[in-house]
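This is what each chain is made of:
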Amino acid sequence: MITVHHLNNSRSQRILWMLEELELDYEIKHYQRDAVTNLAPSTLKLIHPLGKSPVLTDGDITVAESGAIIEYLATTYGNGRLLPKAGTEAQRQCSYWLHFAEGSLMPPMVAKLVFDKVRANAKPFFVKIIANKIADKVMGGYFGPNILANMQFIEAHLGHNAWFAGDELSGADFQMSFPLEAAVAKGAAMQYPNIGAFVKKVHSRPAYKKALSKGGQYDYA
Ligand SMILES: N[C@@H](CCC(=O)N[C@@H](CS)C(=O)NCC(=O)O)C(=O)O
């Protein structure tokens, strides 16, 4: 039996969506973030040493990392669905975006989240001034321009592609859904209409809705 070790409000939601698209039987083991630290409970480390979600177990097999889980599910249960044929342009695109989501897009987004928290929590007043100056310098000099370039690049790609790998839904779309949902939840659809339309299209799919009803708390849908 496939089990998804699922943390509330997390990247794990995209795995539930994929499982629903594949119409597979699976169970969900729910884990709750700590209310103060937002971290996963230490029990998740019993499943995988890093204690991050998603993690999937399938009999004796344990798979961590969203991209690896998506590839595992598509190659094991996809019957040719959700991973384009090897050697095609669609396959190269699918592979590119599968890696891009966690390799290029998420790191500056997470850095922004951390700096926003530093700004919000720095006390007393003079520490806040210094914290803001450091955050402005790092965000303005590095992470900010990277986020902008990434978002403009994705927006242009979605301007002439229905899905990330071309005409068909693929593993790349599950992987890209989480960062784009997070961006849209913060208002990105105004500036990036193609990204807004992509997230809306994802949210309208019956499989996505089913996954959402099973996954519990998820603030980005
Ligand atoms: N690159 C990993 C990232 C996994 C990850 O950081 N997951 C977050 C949830 S979105 C998590 O488990 N956070 C809780 C923690 O770090 O304790 C993936 O895509 O699976």
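This one's a predicted model, so the numbers in the text were calculated from it and none came from an experiment.

Enquirer: Could you clarify how one ought to interpret unusual backbone geometry in this entry?
Expert: Among all residues except glycine, the phi angle is most often negative; among peptide bonds, the trans geometry is most common. A cis amide bond links Ser53 with the next residue in sequence, Pro54, at an omega value of 10°. As for its position among the elements, Pro54 is in the loop between strand E2 (26-31) and strand E3 (55-58). In the segment running from Lys123 into Pro124, the intervening peptide bond is cis, with an omega of -5°. Of note, Pro124 is situated in the loop between helix H3 (89-121) and helix H4 (125-159). For Glu23, which is not a glycine, the phi torsion comes out positive at approximately 55°.

Enquirer: I would appreciate a short explanation of the packing of helix H1 (residues 13-21) against helix H2 (residues 66-77) in the present structure.
Expert: How two helices sit against one another is set out by the angle between their axes and by the gap between those axes. Interaxial distance between H1 and H2 falls to 10 Å at its minimum, and their mutual angle equals 10°. The angle between H1 and H2 falls in the class roughly parallel. Listed contacts from H2 to Arg14, Ile15, Met18 and Leu19 of H1 are Ser66, Ile69, Ile70 and Leu73. When its residues are assigned to classes, the contact of H1 with H2 shows six nonpolar, one polar and one charged.

Enquirer: How should I be thinking about the pairing of strand E4 (residues 61-64) in this particular structure?
Expert: In the case of a regular strand, side chains alternate between the two sheet surfaces. Where E3 and E4 come together, four bridges link them in antiparallel fashion. Each bridged residue has a counterpart across the sheet, and for Leu56 the counterpart in E4 is Val63. What sits between the antiparallel neighbours E3 and E4 is a turn of two residues, in which Gly59 has the positive phi angle 65°.

Enquirer: What is the right way to read the sheet that holds E4 from this model?
Expert: The pairing of strands in a sheet comes from backbone hydrogen bonds and takes either a parallel or an antiparallel form. In spatial order, the strands read E2-E1-E3-E4; together these four strands make up an open sheet with mixed pairing. Single-partner strands in this sheet number two, and they are E2 and E4. Direction aside, neighbouring strands of the sheet carry axes that sit 20° apart on average.

Enquirer: Looking at this structure, I do not really get the domain arrangement of the protein chain. What am I missing?
Expert: Often, the extent of an interface is quoted as the loss of accessible area upon association of its parts. One can read the domain layout of the protein chain as domain 1 (2-83 + 210-215) and domain 2 (89-205). The partner domain 2 presents 11 residues to the 12 residues of domain 1 that form the contact. At the level of elements, H1 and H2 are the ones that each hand at least two residues to the side of domain 1 that touches domain 2. In terms of residue count, H2 provides more of the side of domain 1 that touches domain 2 than any other element does, five residues in total. By residue class, the composition of the side of domain 1 that touches domain 2 is six nonpolar, three polar and three charged.

Enquirer: Just to check I follow, could you spell out the environment of Phe164 for this structure?
Expert: With respect to the element layout, Phe164 can be found in the loop between H4 and helix H5 (171-185). Residues Phe164 and Gln175, spaced 11 residues apart in sequence, show a C-alpha to C-alpha distance of 9.9 Å. Ignoring anything within four residues of it in the chain, the contact list for Phe164 reads Gln93, Cys94, Trp97, Ser170, Ala172, Asp173 and Met176.

Reading the values: the criteria
Residues numbered from 1 in each chain as written. Predicted model: local features only at pLDDT ≥ 70, side-chain atom pairs only at ≥ 80, totals over all residues. Helix = DSSP H or I, 4+ residues; strand = E, 2+ residues; numbered from the N terminus. Axes fitted to C-alpha atoms, helices over the stretch in contact; angles between N-to-C directions. Parallel < 35°, antiparallel > 145°, perpendicular 65-115°, else oblique. Contact = placed C-beta atoms within 7 Å. Nonpolar A, V, L, I, M, F, W, Y, C, P; charged D, E, K, R; others polar. Pairing = 2+ DSSP bridges. Domains from an automatic or database assignment.

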